[in-house]
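One-letter residues, chain by chain:
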Amino acid sequence: MKKIDKFEKEILKAYESGELVSAKPTKEDMATFKKAAQATSLKDRRVNIRLSSPDLRDIQSRALEEGVPYQTLIASVLHKYVSGRLVEKKSRLTTRRADGINGLASRKTRSHS
C-alpha cells in the first residue's frame with residue numbers, strides 16, 4: 001500500500017471524524033459543472049510548458065482541493081484569465097512564499113562589517 005502524505009492524512013482524519021460528508025450538488029451546481037465541462041472539452045491544441053517542481057506540487061494540491069485533475073485546473077485558470085473572469089480566492093492550503101519556504105517567518109540577517 002502506498003504511504004500517504006501529511007495532506008492526505010489530514011483529509012482522512014477529517015473524514016473519519018465526520019467533518020467531511022458527501023453532498024449532493026444543487027441544480028445550479030450541476031449547471032455550472034456542465035458548462036465548465038463543455039468549455040474544457042473543446043480542446044483541440046496541445047501546449048507543453050516547463051514549471052518549477054514547487055509550482056507543480058502547489059498546482060496539484062490546488063487541483064486536489066478542487067477535486068479536478070491538475071491539467072484541467074491549469075486549462076481552466078488559463079481560460080478564465082484570457083476571458084477576463086479570473087478571480088482569486090483564498091485557499092485553505094498553506095501558501096508558499098516566493099523563496100519556497102512554507103509558512104516560516106523570515107529571518108532578519110545582520111550585515112557583517
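Cut-off values and rules
Residues numbered from 1 in each chain as written. Predicted model: local features only at pLDDT ≥ 70, side-chain atom pairs only at ≥ 80, totals over all residues. Heavy atoms only, no water. Helix = DSSP H or I, 4+ residues; strand = E, 2+ residues; numbered from the N terminus. Buried < 20%, exposed > 50% of the residue type's maximum accessible area, 1.4 Å probe, protein only. Contact = heavy atoms within 4.5 Å. Areas by Shrake-Rupley, 256 points an atom, 1.4 Å probe, with all protein chains shown as cover. Polar contact = N/O pair within 3.5 Å; in protein donor to acceptor, adjacent residues only side chain to side chain. Axes fitted to C-alpha atoms, helices over the stretch in contact; angles between N-to-C directions. Parallel < 35°, antiparallel > 145°, perpendicular 65-115°, else oblique. Nonpolar A, V, L, I, M, F, W, Y, C, P; charged D, E, K, R; others polar. Patch = residues over 30% accessible without salt bridge, like charges linked within 9 Å, V, L, I, M, F, W, Y side chains within 5 Å. Salt bridge = Lys/Arg side-chain N within 4 Å of Asp/Glu carboxyl O. pLDDT = per-residue confidence, 0-100. Expected span 1.5 Å × (residues − 1).

A. The arrangement of the overall build of the protein in detail. Across its full length, the protein carries four helices and zero strands. Order of helices (α) and strands (β) in the protein, N terminus to C terminus: α-α-α-α. Counting the 113 residues in the protein, one finds 5% classified as buried. Summarising the internal contacts of the protein: among those between residues at least 6 apart in sequence, 36% fall at separations of at least 24. About 11,200 Å² of surface is accessible on the protein, with carbon and sulfur atoms providing 54% of the total.

B. Quick look at helix α1 (residues 6–16). The N-terminus of α1 is capped by aspartate 5, whose side-chain oxygen sits 3.2 Å from the backbone nitrogen of phenylalanine 7. At the C-terminal side of α1, glycine 18 shows a positive phi close to 90 degrees.

C. Examining the packing of helix α3 (residues 53–66) against helix α4 (residues 70–82) more closely. Contact geometry for α3 and α4: axes closest at 8 Å, N-to-C directions at 95 degrees. On the basis of their axis angle, the class for α3 and α4 is roughly perpendicular. Mapping the contact onto sequence places Leu56, Ile59, Gln60, Arg62 and Ala63 in α3 and Tyr70, Leu73 and Ile74 in α4. Taken together, the residues of the contact of α3 with α4 break down into six nonpolar, one polar and one charged.

D. Quick look at a nonpolar patch on the surface. Among the surface-exposed residues, Ile4, Ile11, Leu12, Tyr15, Leu20 and Leu64 lie close enough to one another that they form a single nonpolar patch of about 530 Å² accessible area. If you tally residues by element for the nonpolar patch, the top one is α1, at three residues. Following the sequence through the fold, leucine 20 ends up in the loop between α1 and α2 (27–40).

E. Looking closely at the confidence of the model for the protein. The share of residues in the protein with pLDDT of 70 or more is 79%, and the mean pLDDT across the chain is 79. By mean pLDDT, the top-scoring element of the protein is α3 (92), and the lowest-scoring one is α2 (83). Across residues 103–113, where pLDDT falls below 50, the model places five contacts with residues more than four positions away in sequence or in other chains.

F. How the structure looks around α3. In this model α3 runs 20 Å from its N-terminal to its C-terminal C-alpha over 14 residues, within 8% of the 20 Å that 1.5 Å per residue would give. Two or three places before aspartate 55, at the opening of α3, serine 52 has a side-chain oxygen 3.2 Å from that residue's backbone nitrogen. Where α3 ends, the next residue or the one after it, glycine 67, has phi of about 80 degrees, a positive value.

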